Amino acid sequence: MWFLNLELRQALYLCPVTRPLTVTAEGDPANKDYEPQTICEHLQYLFALLQNSRRRYIDPSGFVKALGLDTGQQQDAQEFSKLFMSLLEDTLSAQKNPDVRNIVQKQFCGEYAYVTVCNQCGRESKLISKFYELELNIQGHKQLSDCITEFLKEEKLEGDNRYFCETCQSKQNATRRIRLLSLPGTLNLQLMRFVFDRQTGHKKKLNTYIEFSELLDMGPFMEDTAGASEYELSAILIHRGVSAYSGHYIAHVKDPQTGEWYRFNDEDIEKMEGKKLQLGAEEDLEPSKAQARKPKCGKGVYRSRNAYMLVYRLQTREKSLTVEIPAFLQELVERDNSKFEEWCSEMAEMRKQSVARGKVKHEEVKELYQRLPAKAGCPYDFVSLEWLQQWLDESTPPKPIDNSACLCSHGKLHPDKIPMVKRVSEYVADSFYKRYGGGPRLTVKALCRECVVERCRVLRLKNQLNEDYKAVASLLKGPVRCDEGFWVGKSSLRSWRQMALELLDDPEEDADQSNGNMNGDTKSKDETSSEKQEEEDLKFNEDIVCPHGNLCILENERRVVSKDAWEKLRCYFQGAPEFPTSQDSCSQCKILEREGEENEALHKMMASEQKASLPNLFQEKSRPCLSSWPEEVDELYVVSKFFVEEWRKFVRRPTRCSPVSSVGNRDLLCPHGGLMFTFASMTKEDSKLIALIWPSEWGKIQKLFVVDHAIRVVRRRPAEAGPDPPLYVTEPELCLDCREGLLCQQQRDLREYAQATIYVRKVVDNTKVMKDSAPELNVSSSEAEEEREEARLEGEQDPDFNQANSNPKRQKVSHPNYAAYQKQGIRRSTRHRKVRGEKALLVSANQTLKDLKIQNLSIEGTTLTEDSATLGSLGVTPESVVLLKADEPVVDYAAIDDVMQVCMPEEGFKGTGLLGH
């Protein structure tokens, strides 16, 4: 559209080039591709190519790259036009030639005034403003004139929106409207088809018809009707598609010199017949039952539901303007034309050679295809069917013959791969290998005898499997002599039939497995643990093999089968571990079991003694609290809450958890040895990180555990009785610098997060979701959380009172070397319990409230209204719960499910050259 604006094109051609062309010593232009440096140079070069290039279309990749645009993301064409015109005007403002410097304002800039009239005194105030386009609301309108009328209609300022009158010196009722003062030569009308839908929180496109005429008289809308106001349609930008987030742009532009209309659709350019605008396929939308028929219109009138931008040109403007390309630009165009012609010649030569090769290939295929089938009794070869298809495809030259995909592990033709090859005559095979090479060659003797025999055995086993399954089931019911039986895992016996079927269906895949295969080959000992885990379900009788490779000690996991039953099972699982009943269980496992039982008894005794010694530490309600300091003591000791939690887990489950050996208070101190918490913070927000100890229990803790640092809080009473409160001091003392650094870091983490989760919860009638919709919210203490965790792990009560009912299959703590001691540290709970009517969003701190596309939000009683404010500045931190007030009963909350799953901000043209970056 800008190219066919002759005045703009002429002005850009007059803009001097800031960088001269590279020339050789003889003064001729160097054979180096021209690379424009500025936006003006890019437009100059593009316009010159559009004007005199011999190419069918011009690729604007250099221009796109210079602006830093992402062509893979759809952007708003109206916003692009507005930003680029502003950038171009700013760029040309430094030009000395006024025709160049002021071209954007002359062509596209008009003036209107915001006029406010006081209803009390009649005082009229004007605010004059420039415009480069008129943004017209089309919702509820059918004609362009109605949209312009609404744009200029009068607005009443009443109530809270009253106007402060300078004459009356008070707020008064008033009226406000827009008056058009002057219009540009090129009038851009932006039809606002993309609007925000409050119900869904999305942008949506208005696919309604708008009627506009080829001639537009703006006189009735002007304040001064003396000037020229007759416009004619010169361009239409079409957005094809029903969504605001996807679609395709098409431009219809009129050549002002010839009056012919052109349709620009990427690289497809079409001149319309009869110098008439034709809106055809661009008006087709996706099928819809509610889709209305296109209404009929008269001569010179058009209706469109996809028209996005209308451009009108003043009728009095010069239409026969001749735009000459500067000499240096014309030279660049001719150089590009020469390269294009050379490329066309190369393509023609390549096409000619391709045709010649095709003829030769055609004759070859014609000759060999007739002799391709092998006659009965004549020698033949097997050739890869995939290669033959490539050979018949004349568009690509065939590669050397590759039959490797049809071979078995013995290097011969696999019987199951026969469908992948084709039998051809020996004569044709000789021709193929002579011309194209490759291999290995598969003659009549290439079929693998060993694989054929194996496949026959597998087929027999498949047919025999049902009978063997019944036989084994019958043998398992009969008596077994202890000295003649074999140990088999109960799990293997339950699923041996399915395991056998899987092995028989794909024997090649399991040919190298150490168990359940046909060849009985063992796998290397250094195979990765991930491979073992994947194959564990396929191994028969591995469920009774201990970690040392011997028979496991758990007799309830295995049973004895007769020799006859074992022989039938071994037919299918030749490499399965074999354990006669005469073989003893693993001696190493027996030793570890005895040691585990001893350690288990030791741990139970240790837990019982520690629980009896520290009853207040075990019962959370019996521990002291800083907010209600007991009168009978003047000092309390501090330990990490993490230590208390780990110790309580051990006391509750001594057979499952490792004993705690040390009190790690180092995490509560700074690198300088000072305390990181104030007395006030330990009573409030930091109380979740510490636990208080009675002085009587502190001495016992020092005897039972290794304490790295002692921390205590001392209460110093005033010397004389009076109103002065007691003084609380800590030992070691608070490190102010590190405390401030910790607080700053915490605040920074809460304000500078990226891709964190927040939760948007719907509320009704300004109240939260009732507790009965999420009863688990009523229990939030760490005590209840631990109880649920214990029940989930083993379903048992306190082991001190329920030893008789313990699970015999539980894993024992067998040896001190196997005990893994967790590193102590400060731990915060990050668990969020989701409630009904709540959605999770992934957001960043630098997102604005507007990016969420959700309205009526509040957090901690504060309504979030400032759309331009970032989430970090509004106090929305990771794991926050933001309330969404459902003030409209017609809102379908599920409709915003998509945007609330992962809500990423719309960047628009942020970071591109359009914004000066």
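Positions within a chain are numbered from 1, following the residues in the order the chain's sequence is written. Local features are withheld for residues below a pLDDT of 70 in this predicted model, meaning they are given only at 70 or higher, and side-chain atom pairs are given and counted only at 80 or more; totals for whole chains, interfaces and linings count all residues. Where side-chain values are given, they derive from all heavy atoms of the structure, hydrogens and water being excluded.

Considerations on the sheet that holds strand β34 (residues 857-859)
Within a sheet, adjacent strands bond to each other through the backbone by hydrogen bonds, running parallel or antiparallel.
Thought 1: Only strands that DSSP links by at least two bridges are regarded as paired with each other. Each helix is a run of H or I in the DSSP string that is no shorter than four residues. Each strand is a run of E no shorter than two, and both are numbered from the N terminus. Across the sheet, which stays open at both edges, the five strands sit in the order β33-β32-β36-β34-β35 with mixed pairing between neighbours. Taken across any chain shown, the strands that pair with only one partner, and hence form the sheet edges, are β33 (838-843) and β35 (862-864). Mean inter-strand twist for the sheet, computed between neighbouring axes without regard to direction, equals 35°.
Thought 2: Here six bridges tie strand β32 (residues 756-763) to β33, and the two strands are oriented antiparallel to one another. Paired with valine 760 across the bridge in β33 is lysine 839. Lines fitted to the C-alpha atoms define the axes, with helices restricted to the stretch that makes contact. Angles between their N-to-C directions range from 0 to 180 degrees.

Focus: the sheet that holds strand β1 (residues 110-118)
Thought 1: Spatial ordering of the open sheet is given by β2-β1-β7-β4, a layout of four strands whose pairing is antiparallel. The sheet is open, and its two edges are formed by β2 (124-131) and β4 (155-157), each paired on a single side. With strand direction ignored, the average angle separating the axes of adjacent strands in the sheet is 30°.
Thought 2: The pairing of β1 with strand β7 (residues 174-182) spans eight bridges and is antiparallel. Paired with glutamate 111 across the bridge in β7 is serine 182.

Observations concerning the pattern of salt bridges
Thought 1: Salt bridges are identified by distance alone: a Lys or Arg side-chain nitrogen within 4 Å of an Asp or Glu carboxyl oxygen. Under the definition given, this model contains 25 salt bridges.
Thought 2: For lysine 126, the salt bridge is made with glutamate 223, and the minimal N-O distance between the two is 3.8 Å. Linking lysine 126 in strand β2 with glutamate 223 in the loop between β12 (215-217) and β13 (230-240), this pair joins segments that are 97 residues apart in sequence.
Thought 3: With a 1.4 Å probe rolled over the protein chains alone, any residue whose accessible area is under 20% of its type maximum counts as buried; one over 50% counts as exposed, and the rest are partly exposed. You can call glutamate 223 partly exposed: its relative accessible area is 40%.
Thought 4: A salt bridge links glutamate 211 to arginine 303, with the shortest nitrogen-to-oxygen separation between them at 2.4 Å. Of this pair, glutamate 211 sits in strand β11 (residues 210-213) while arginine 303 sits in strand β17 (residues 301-304), placing them 92 residues apart in sequence.
Thought 5: On the basis of relative accessible area, glutamate 211 is assigned to the buried category, the value being 18%.
Thought 6: With relative accessibility at 17%, the residue arginine 303 sits in the buried group.
Thought 7: When salt bridges with common partners are traced through the structure, they connect Glu124, Lys126, Arg179 and Glu223 into a single cluster.

Structural notes on the packing of aromatic side chains
Note on aromatic pairs: each is described by the distance of the centres and the angle between the planes.
Thought 1: Working definition: rings of Phe, Tyr and Trp (its six-membered ring) pair if their centres are within 6.5 Å, and the pair is stacked with planes under 30 degrees apart, edge-to-face with planes over 60 apart, and tilted otherwise. Going through the model one piece at a time under the given rule, you end up with 25 aromatic pairs.
Thought 2: On the basis of an interplanar angle of 55° and a centroid distance of 5.8 Å, the ring pair of tryptophan 496 and tyrosine 572 is categorised as tilted. Here the residue tryptophan 496 occupies a position in helix α12 (residues 490-505), and tyrosine 572 occupies one in helix α14 (residues 563-572), the gap between them amounting to 76 residues. Each member of the pair tryptophan 496 and tyrosine 572 is classed as buried.
Thought 3: Summarising the aromatic geometry, the rings of phenylalanine 679 and tyrosine 728 are spaced 4.4 Å apart at their centres and angled 10° between planes, so their arrangement reads as stacked. Separated by 49 residues along the polypeptide, phenylalanine 679 in helix α18 (residues 679-683) and tyrosine 728 in strand β31 (residues 727-731) bring together distant segments of the chain.
Thought 4: Through a chain of ring-to-ring contacts, the aromatic side chains of Trp2, Phe63, Phe80 and Phe84 assemble into a single cluster.
Thought 5: Cation over ring: arginine 9 sits above phenylalanine 3, and NZ or CZ is 3.8 Å from the ring centre.
Thought 6: Whether a charge lies above a ring is judged from NZ of Lys or CZ of Arg, which has to be within 6 Å of the ring centre and within 35 degrees of the ring normal. The positively charged end of arginine 558 is found above the aromatic ring belonging to tryptophan 487, 4.3 Å away from the centroid.

Brief notes about a nonpolar patch on the surface
Thought 1: Taken together, the side chains of Tyr57, Phe264 and Ile269 make up a nonpolar region of the molecular surface, amounting to roughly 250 Å² of accessible area.
Thought 2: Examined against the element boundaries, phenylalanine 264 turns out to sit in strand β15 (residues 261-265).
Thought 3: Residue classification places phenylalanine 264 among the partly exposed residues on the basis of a relative accessible area of 30%. Exposure above 30% relative accessible area and no salt bridge define the residues that can form patches, which grow by joining like charges within 9 Å and nonpolar side chains of Val, Leu, Ile, Met, Phe, Trp and Tyr within 5 Å. The Shrake-Rupley method, run with a 1.4 Å probe sphere, supplies the accessible areas, and residue values consider only the shown protein chains as cover.

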